[in-house]
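Observations on the three-dimensional arrangement
Spelled out from the first residue to the last, the chains are:
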Amino acid sequence: MSLRGWLGTPVLVLPIQLLVQPLAPVPLDAQQLASAEGAPPPPTAHATSYDGVFDELLHLRPMADRVAEVSNLVLQRDVARFSLQSGHLYLLSPVNGRTVAAVFRGKGSFAFAPTTAVEKDRLRRFENTEALESPFTELMLVFADGTLEELEGAVKFGPGVVPGEVQGIAGQSLKFLAEEDSRTFEPDLMGAFLNGERSELFYAHIKRAGGGPLMFMLNPNEFEAVRLHSKVTRRGYDRRSEVVTQFPRQDRRRDGRVSGERLRQADIQSYVMEVSLPPTGIGEIGFSATATMQIVADTAVGPWVVFELFEKLRVDSASWEGGEKATVVRGKDSPLLWVLLDGQIRPGDVRTLRLHYRGDLIDRFGDFFLIKSSAAWYPRSLEGRSLAKFDLTFTTGSNYLLASVGDRVDSTTSGRTTRTRWVTPGRIRNASFNLGLFEGYDVQEKGVPPVTVMVSEEAHKKLARRYVQQRNMRERVGADVTGSLRFFQQVYGPPPVRRFYATEIPGWHGEAFPGMVHLSWVTFQDTRDDGEDEVFRAHEVAHQWWGIGVDFASYHDQWLSEGFSNFSGLWYLQTVSKDNDKYFDMLRQWRSSILLREGEPGPISLGYRVFASRDDDLDDYQTVVYKKGAWVVHMLRVLMLDLKTMSDDRFTAMMKDFYGRYEGRRASTEDFQRVVERHTGAEMGWFFDQWVHSTAIPTYRVAHRTEAAENGQFRVRLKVRQEGVPEGFQMFVPVTLDLGKDRKARVRVKVKGPVSEIELPLMPAEPKGVKFNDLEGVLAEVKTTGWD
Ligand SMILES: [Zn+2]
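Since the model is a prediction, treat every value here as computed from it, not as a measurement.

Examining the overall build of the protein
Scanning the protein for helices and strands turns up 16 helices and 41 strands. By residue count, 60% of the 788 residues in the protein fall in the buried class. Counting contacts in the protein only where the partners sit at least 6 residues apart, residues at least 24 apart contribute 72% of the total. As displayed, the protein has an accessible area near 30,900 Å², and 48% of this comes from carbon and sulfur atoms. Here the protein carries 98 positive and 104 negative side-chain charges, and the mean point of each set is 2 Å from the other.

Here it is as structure tokens:
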């Protein structure tokens, strides 16, 4: 059985099945936006109906009086070029009173070339070229930019013949944008049309002469605004298209002030929630909630704004602060919740919305309860990482034990009902809860936050009839949670929580929230002793520091959460097992899976995008971001190790410094690099380029020779052939010489280029063994060879 840990994040579970990307807000002030794109227009005077706009989009059709013959027309959108060599253009029926779509049929070509090495590589993996030049016969455009004016300036639209195929082209393209049953449309396009907005938003569905369709989008609501998608061909995969490549517009670069993925979205800054979790007659647990939410925005948005909400939840009613009814739209099984504000809201404005909703959130398995959406059980921004305060009151049957985030400020039981209230002292990015037929097991140790382990002993007793079972489940889990909390606060600094809950879930993964973790039932049940359980539990605990305490700046930096937590789990394992074997065995095991996929998925900094449906390997994200990410931290640890004293102090001081500097903020890989440089005193760009931004892993073929030297000393020479990496690849590799009588000599040698001949300092005795790449100092394959 394999356990997986991850921090609740939208990047693997995309919010909707359409052309929606993992999304993140970026603080961008209104001025900046205004200067970049012109001031946003005032909202349309009439309240636009969602259903009206959705129906107009779904039934876009060619108009017989809006046809033009076209030749040699070029549309350029960032690096994408559409050449309409010859054919006809058909404008489609208006949406919310304006023309927003067109179909081209004829002879055309699409040119597209990313400019960075990583994105060129992505395109090559998907399309076998670094610069696309694809002939097409059909093209559908959907736009909120000046495309109509551009077309009208080049060709003359008038009455003409509309072949039947034109409607079909529109229909085929719309399948990637719209889902009729849930009345869901790609949210950025939908928002622009609902709000009558003009922006640079532009979408093209390209039906190529050969190969599947391509979808291009220029989306100014994303920091990485330029995107190319292709169709997912795998059956059973829950998305229709996936990203091939994405990057910022050519005139935009990420600077230090910008983090996250998403620009211009509505956020919720505080939640006051009454959550009812009543037992149902058949032993299940129901869910209904009243959420009072403060909607804000960091740039002018609206009046229509959109949030994510778990698709199985239905809205009963919505009202504004004063009690007047609010207009919200919630398609059946749609993951989106649309809210109509009284107008645009601007930075500083707050609108308080009260929402009553309910639905099928909790499933029962045996005596376990599964919360089907751990974080989208309340409405939240599309990006899902915005910070908010939570004041949560839960009402449950008194036989259930419940834990949530923040401080439990109140708990009362009357009859068979228990109410508990939980308040977060500050703003956090995900709130969750867990409940079950739990017994609570408290671990109070001096110097660490009190820990409560919540485990379903009864459920395990039933399982014990069929499966081997750990005897001391709660004690073992409690010991690791407390032990790792203690260890991490020692090496990283005080945790951002005062109390901690380790709760069991009937799933195969773990997930971390402030002060609470969900842990797979397997880690309670397990009797294995290879250290995987310790690493798994400590990984989830470590997220209190990495991911929650210090959040990552963008998806490119997610290894600062997952790789760091994985390394932390390993480091904890080393300290509790009190020998190094398990630590190094686990590292070697991770190396094997990394080497199996070497060069395939992409670099660590590609984040979730290393996973592609075409690659067939569902574990790529784990392999690269978790396992290789942990290896990178381990390599820094060895690089900073004092080989004389074997002291970790420099590394520990560096990690503590990084945590202290960025606690409560988002950090990027570059931020981390700067801290590493401060503590190594050396420029470290080469290290991060090699290991975080590239995929190559060296193979060292190593030979050594010893000869007697003056004064009874010995001269040791190494010849190292480096393979599988670019010419300039370099590392400092630990070498340990066994000098007998328990004496060891440790040195670090620099290996760079195809062949290195290295003479070590004179040794006082003849070495009985030479261990190249000791301490697994470099993620590499080492092979011993003869001298020539
Ligand atoms: Zn994790």
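With respect to helix α14 (residues 649-662)
One turn of the α-helix equals 3.6 residues, which is why residues spaced by three or four share an orientation. Helix length check: α14, at 14 residues, gives a terminal C-alpha distance of 20 Å against a target of 20 Å (1.5 Å per residue), a fit within 8%. Residues Phe 651, Thr 652, Met 654, Met 655, Asp 657, Phe 658, Tyr 659 and Tyr 662 constitute the buried set of α14. Against α8 (473-491), α11 (559-577), α13 (620-639), β34 (666-667) and α15 (669-680) lie the buried residues of α14. Where α14 ends, the next residue or the one after it, Gly 664, has phi of about 80°, a positive value.

Structural notes on the packing of aromatic side chains
In the structure shown here, the tally under the stated rule is 52 aromatic pairs. With 5.8 Å between their ring centres and 85° between their planes, Phe 672 and Phe 688 make a pair best called edge-to-face. One end of the pair, Phe 672, is in helix α15; the other, Phe 688, is in helix α16 (residues 685-691), and 16 residues separate them in sequence. With a relative accessible area of 0%, Phe 672 lands in the buried category. The exposure class assigned to Phe 688 is buried, which follows from its relative accessible area of 0%.

Considering the coordination of the zinc ion
Surrounding the zinc ion are the protein donor atoms His 539 (NE2), His 543 (NE2) and Glu 562 (OE), at 2.0 to 2.1 Å. Sequence positions of the donors to the zinc ion reduce to the motif H-x3-H-x18-E. With His 539 in helix α10 (residues 532-542) and Glu 562 in helix α11, this residue pair connects regions lying 23 residues apart in the sequence. Residues His 539 and Glu 562 agree in their burial class; the two are buried.

A closer look at the pairing of strand β6 (residues 132-143)
Successive side chains on a regular strand alternate, one facing one side of the sheet and the next facing the other. Summarising burial for β6: nine of the 12 residues are buried, a large majority. In the sheet, strand β5 (residues 101-112) pairs with β6 via 10 bridges, with the strands oriented antiparallel. Each residue of the ladder has a partner; that of Val 103, found in β6, is Met 140.

Focus: the pattern of salt bridges
Opposite charge on two side chains allows them to pair when their charged atoms are near. For the structure on display, the rule yields 56 salt bridges. As a salt-bridge pair, Arg 183 and Asp 51 come within 3.2 Å of each other at their nearest N and O atoms. In this pair, Arg 183 is assigned in the loop between β7 (178-179) and β8 (184-185) and Asp 51 in helix α2 (residues 50-58), connecting sequence segments 132 residues apart. Relative accessible area serves as the criterion here: at 26%, Arg 183 is assigned to the partly exposed category. The partly exposed category is assigned to Asp 51, whose relative accessible area is 41%. A salt bridge links Arg 486 to Glu 445; its shortest N-O distance comes to 2.8 Å. Taken together, the residues Arg 486 in helix α8 and Glu 445 in the loop between β28 (439-443) and β29 (451-455) connect sequence positions 41 residues apart. Classification of Glu 445 by relative accessible area gives partly exposed; the value is 37%. Among the charged side chains, a network of salt bridges with common partners joins Glu 261, Glu 383, Arg 385, Arg 429, Asp 551 and Arg 666.

So, the nonpolar core
Judged by nonpolar contacts, the single largest core of 106 residues is most densely connected at Trp 559, Phe 672 and Phe 687. Here this core gets 12 residues from one element, more than from any other, and that element is α13. With 54 residues, the next largest nonpolar core counts Ala 388, Phe 394, Tyr 400 and Leu 435 among its residues.

Observations regarding empty space enclosed by the protein
Counted by the stated rule, this structure contains six cavities of 30 Å³ or more. Approximately 240 Å³ is the volume attributed to the largest cavity. Residue lining of the largest cavity: 22 residues in total, with Asp 188, Asn 221, Arg 262, Arg 264 and Trp 304 positioned closest to the centre. Sorting the residues of the lining of the largest cavity by element identifies α6 (187-194) and β16 (304-308) as the ones contributing at least two each. When residues in the lining of the largest cavity are grouped by element, the largest group, four residues, is from α6.

What about the side chain of Ser 756?
Within the secondary structure, Ser 756 sits in strand β39 (residues 755-759). Separated by 3.2 Å, the side chain of Ser 756 and the backbone oxygen of Lys 752 make a polar contact. Beyond its immediate stretch of four places on either side in the chain, Ser 756 contacts Leu 718, Lys 719, Val 720 and Val 751.

Some remarks on the sheet that holds β5
Read across the open sheet, the eight strands follow the order β3-β4-β5-β6-β9-β10-β11-β12; overall the sheet is antiparallel. Bordering the open sheet on either side are β3 (62-77) and β12 (241-247), each of which pairs with just one other strand. Here the average twist between neighbouring strands, direction ignored, is 20°. As paired strands, strand β10 (residues 214-218) and strand β11 (residues 226-231) are joined by five bridges and run antiparallel to one another. Its bridge partner lying in β11, Met 215 is registered against His 229.

Details of the environment of Val 162
Secondary-structure assignment places Val 162 in the loop between α4 (147-154) and α5 (165-174). Residues Val 162 and Val 751 lie 589 residues apart in sequence; the distance between their C-alpha atoms is 68 Å. Look past the residues within four positions of Val 162 in its chain and what remains in contact with it is Pro 62, Met 63, Ala 64, Val 67 and Tyr 90.

Some details on the environment of Ser 411
Take Ser 411: it is sitting in strand β25 (residues 407-414). Ser 411 sits 11 residues away from Trp 422 along the chain, and the two C-alpha atoms are 9.2 Å apart. Aside from chain neighbours lying at most four places away, what touches Ser 411 is Thr 418, Arg 419 and Thr 420.

Topic: the sheet that holds strand β40 (residues 769-772)
Spatial strand order, β38-β37-β40: three strands in an open sheet with antiparallel pairing. Each edge of the open sheet is held by one strand with a lone partner, namely β38 (743-752) and β40. Here the average twist between neighbouring strands, direction ignored, is 20°. Of the pairings in the sheet, the one linking strand β37 (residues 730-740) to β40 comprises four bridges and is antiparallel in character. What sits directly across from Val 735, in β40, is Phe 772.

Concerning the confidence of the model for the protein
Counting all residues, the mean pLDDT for the protein is 90, and 92% of those residues have values of 70 or more. Predicted confidence is poor over residues 1-46, with pLDDT under 50, and the contacts of this stretch with residues over four places away or in other chains come to 163 contacts.

With respect to unusual backbone geometry
With an omega of 5°, the peptide bond between Gly 302 and Pro 303 qualifies as cis. Along the chain, Pro 303 falls in the loop between β15 (288-297) and β16. Unusually for a residue other than glycine, Asn 96 sits at a positive phi of about 50°. Note on placement: Asn 96 falls in the loop between β4 (80-92) and β5. Despite not being glycine, Asn 773 shows a phi value in the positive range, around 60°. On the secondary structure map, Asn 773 appears in the loop between β40 and β41 (781-784).

Conventions used here
Residues numbered from 1 in each chain as written. Predicted model: local features only at pLDDT ≥ 70, side-chain atom pairs only at ≥ 80, totals over all residues. Heavy atoms only, no water. Helix = DSSP H or I, 4+ residues; strand = E, 2+ residues; numbered from the N terminus. Buried < 20%, exposed > 50% of the residue type's maximum accessible area, 1.4 Å probe, protein only. Contact = heavy atoms within 4.5 Å. Areas by Shrake-Rupley, 256 points an atom, 1.4 Å probe, with all protein chains shown as cover. Lys, Arg positive; Asp, Glu negative; His and termini not counted. Charge placed at Lys NZ, Arg CZ, Asp CG, Glu CD. Expected span 1.5 Å × (residues − 1). Phe/Tyr/Trp six-rings, centres within 6.5 Å; stacked < 30°, edge-to-face > 60°. Donors = N, O, S within 2.8 Å, 3.2 Å for Na, K, Ca; no water. Pairing = 2+ DSSP bridges. Salt bridge = Lys/Arg side-chain N within 4 Å of Asp/Glu carboxyl O. Core = buried A, V, L, I, M, F, W, Y, C linked by side-chain atoms within 4.5 Å. 1 Å grid on protein atoms, 1.4 Å probe; cavity = no way out; pocket = protein on both sides within 12 Å on 5 of 7 lines; lining within 4 Å. Points joined across faces, edges and corners; volume = space filled by probe spheres on them. Polar contact = N/O pair within 3.5 Å; in protein donor to acceptor, adjacent residues only side chain to side chain. Axes fitted to C-alpha atoms, helices over the stretch in contact; angles between N-to-C directions. pLDDT = per-residue confidence, 0-100.

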